[in-house]
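So you can see what is in the structure, the chains are spelled out below.
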Amino acid sequence: MTASELYRRALQVIPGGVNSPVRAMKAVGLEEPIFAARGEGAYLEDAEGRRYVDWVLSWGPLIFGHADPETVEAVVAAAREGTTFGTPTEREVELAEEIVAAVPSVEMVRLVSSGTEAAMTALRLARAATGREPFVRFAGGYHGHADPFLSEAGSGVKTLGIEAGGEGRVVPYNDLEAVERVIEGAACVFVEPVAGNMGVVPPADGFLEGLRRLCDETGTLLVFDEVITGFRIARGGAQERFGVLPDLTVLGKIVGGGLPLAAFGGRAELMERLAPAGDVYQAGTLSGNPLATAAGLSVLRRLTPEVYEELERKGRRLDALAAYGRFERVGAMASLFVDDYPALFRHLLERGIYVAPSQNEAMFLSTAHGEVEIDALIAAVEEFSA
Ligand SMILES: Cc1ncc(COP(=O)(O)O)c(C=O)c1O
């Protein structure tokens, strides 16, 4: 079945034909999205059998590439034992231990099913712990689609130009003075420690340290949304890489090994405010799902220092893209900003290279991307720029 036929059917039964707005490709001038059939390593194959080098990687989770054999094996073995129980399992404890060991500020963690849920609950917890309602966040940041986070958000909200209601005192990223003006009385500062939803924007020197200081001075909690950066730019995420510890951390994507799993964690005394230990309610039928914990564990246990050295080496090769536009990279996440991004997107797609259909989304490296794939991207961008 062709993508056009599938899309026509999808439009009849799914709003806009997609289950997440960022999958639509109208913003880059394409009528229909890519319908994926299968993936292997760095490659994605669409419903019509076309193969692409995939720089989207399901928007970040696949650090070992598509259909990583060990992950698949772990999920299949787990599925044979039952797909959900709604009662605690050993792997949940193991995954929580793995996360606590990896992420410097996290002493206790709760597993949920999506980054949206994790961020939403981290905000609820911060509000309960401080007894304050307002909070500070940054324009162009994205913390999932819970109501408080939507106004001036990045990612698909920005790509589609949607202006939704939201809460929070929204200030420009990397602007400490603006934070200082609005932080008094806030429950928390919610921040992507490396912005990844307005393209990649690294934190300015001293920005994260400044946030930590302002939070300490005002009794405000610092929340790092490490849904993208967690296990990607270092095993312990941005907090390890930059040496600044938040009070609460939101995780997603890689932590679930490509299955629906996310998490939030922090100091024990804060986390124990959550029910049933405390009075802040949060729950989930599929939280800590056995297939997702199997995938997450399989991936996290293999994320050794050598993996990050390899990703950094490959990242440095990718830095050649800086010759063709503003290029930003932190570890295995990167963005190339060019004037006519839609034209670049189509140029690459015609050459079998799939990058995100919006400049607001990052490019992701996996261990499955080799020199061949990296050089092909650089050559195609060079050809575009010529
Ligand atoms: C930084 C950040 N936070 C939260 C989310 C929401 O996660 P999910 O899509 O799993 O709900 C995303 C999704 O891309 C994200 O990039």
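Since the model is a prediction, treat every value here as computed from it, not as a measurement.

A. How the structure looks around the pairing of strand β7 (residues 188-191). Residues Cys188 and Phe190 of β7 are buried on one face, and the alternating residues Val189 and Val191, pointing to the opposite face, are buried as well. Note that β7 and strand β8 (residues 221-226) share 4 bridges and pair parallel. Bridging across to β8, Val189 finds its partner in Leu222. At this point the chain moves from β7, through helix α7 (residues 207-218), to the parallel β8, and the crossover so formed is right-handed.

B. Region of interest: the site of the ligand. Among the 17 residues in the neighbourhood of the ligand, the closest are listed as Ser114, Gly115, Thr116, Gly144 and Val227. The element that contributes the greatest number of residues to the shell around the ligand is helix α4 (residues 115-130), accounting for 3 residues. A per-class count over the shell around the ligand returns 6 nonpolar, 9 polar and 2 charged.

C. Looking closely at the nonpolar core. Core analysis: the biggest nonpolar cluster contains 112 residues, and Ala122, Ala126, Cys188, Val189, Val223, Ala263 and Met333 have the highest contact counts within it. Two domains share this core, each providing at least three of its residues, namely domain 1 (3-63 + 305-385) and domain 2 (69-300). Excluding anything up to four places from it in sequence, Met333 contacts Val194, Gly196, Val200, Ile228, Arg232, Ile233, Ala362 and Phe364.

D. Representation of the sheet that holds strand β14 (residues 363-364) in the model. Here 3 strands make up an open sheet; going across it, the order is β11-β12-β14 and the pairing antiparallel. Pairing within the sheet leaves two strands with one partner each, and these edge strands are β11 (326-330) and β14. Relative to β14, strand β12 (residues 333-337) runs antiparallel, the two sharing 2 bridges. The partner of Met333 across the bridge, within β14, is Phe364.

E. Quick look at the sheet that holds strand β2 (residues 43-46). Spatially, 4 strands are ordered β1-β2-β3-β13 in an open sheet, and the strand pairing comes out mixed. Looking at strand neighbours, the two that pair on one side only are β1 (36-40) and β13 (353-354), the edges of this open sheet. Across 2 bridges, the pairing between strand β3 (residues 51-54) and β13 is parallel. Looking at the pairing, Asp54 lines up with Tyr354 of β13.

F. Structural context of the pairing of β11. Two elements, β11 and β12, share 5 bridges in a ladder whose sense is antiparallel. Paired with Val330 across the strands is Met333, a residue of β12. The hairpin turn running from β11 into β12, its antiparallel successor, is 2 residues long, and Gly331 in that turn takes a positive phi close to 60 degrees.

G. Structural view of the domain arrangement of the protein chain. Split into domains, the protein chain comes out as domain 1 (3-63 + 305-385) and domain 2 (69-300). Averaged C-alpha coordinates put domain 1 and domain 2 at centres separated by 24 Å. The interface of domain 1 with domain 2 comprises 23 residues on the first partner and 25 residues on the second. Where the side of domain 1 that touches domain 2 is concerned, the elements lending two or more residues are β11 and β12. Sort the elements by how many residues they give to the side of domain 1 that touches domain 2 and β12 lands first, with 4 residues. Of the residues belonging to the side of domain 1 that touches domain 2, the class tally is 13 nonpolar, 7 polar and 3 charged.

Quick notes on the rules
Counting restarts for each chain: residues are numbered from 1 in the order of the written sequence. Where local features are concerned, this predicted model is filtered to residues with pLDDT of at least 70; where side-chain atom pairs are given and counted, the filter is 80 or more; whole-chain, interface and lining totals use all residues. For every residue, the other C-beta atoms within 10 Å of its own C-beta are counted; 20 or more classify it as buried, 12 or fewer as exposed, and values in between as partly exposed. C-beta atoms are placed from the backbone. The helix count covers DSSP runs of H or I at least four residues long, the strand count covers runs of E at least two residues long, and both are numbered beginning at the N terminus. Strands were regarded as paired on the criterion that DSSP finds at least two bridges between them. Clockwise travel from the first strand over the helix to the second, with the strands pointing away from the viewer, marks a crossover as right-handed. Residues are classed as near a molecule or strand if the C-beta position derived from their backbone is within 6 Å of it. Each residue receives one of three labels: charged for Asp, Glu, Lys and Arg, nonpolar for Ala, Val, Leu, Ile, Met, Phe, Trp, Tyr, Cys and Pro, and polar for the others, Gly being one of them. Think of a nonpolar core as buried Ala, Val, Leu, Ile, Met, Phe, Trp, Tyr and Cys residues chained together by C-beta atoms that fall within 7 Å. Where each domain begins and ends follows an automated or database-derived domain assignment. Two residues qualify as being in contact provided that their C-beta atoms, derived from the backbone, are within 7 Å of each other.

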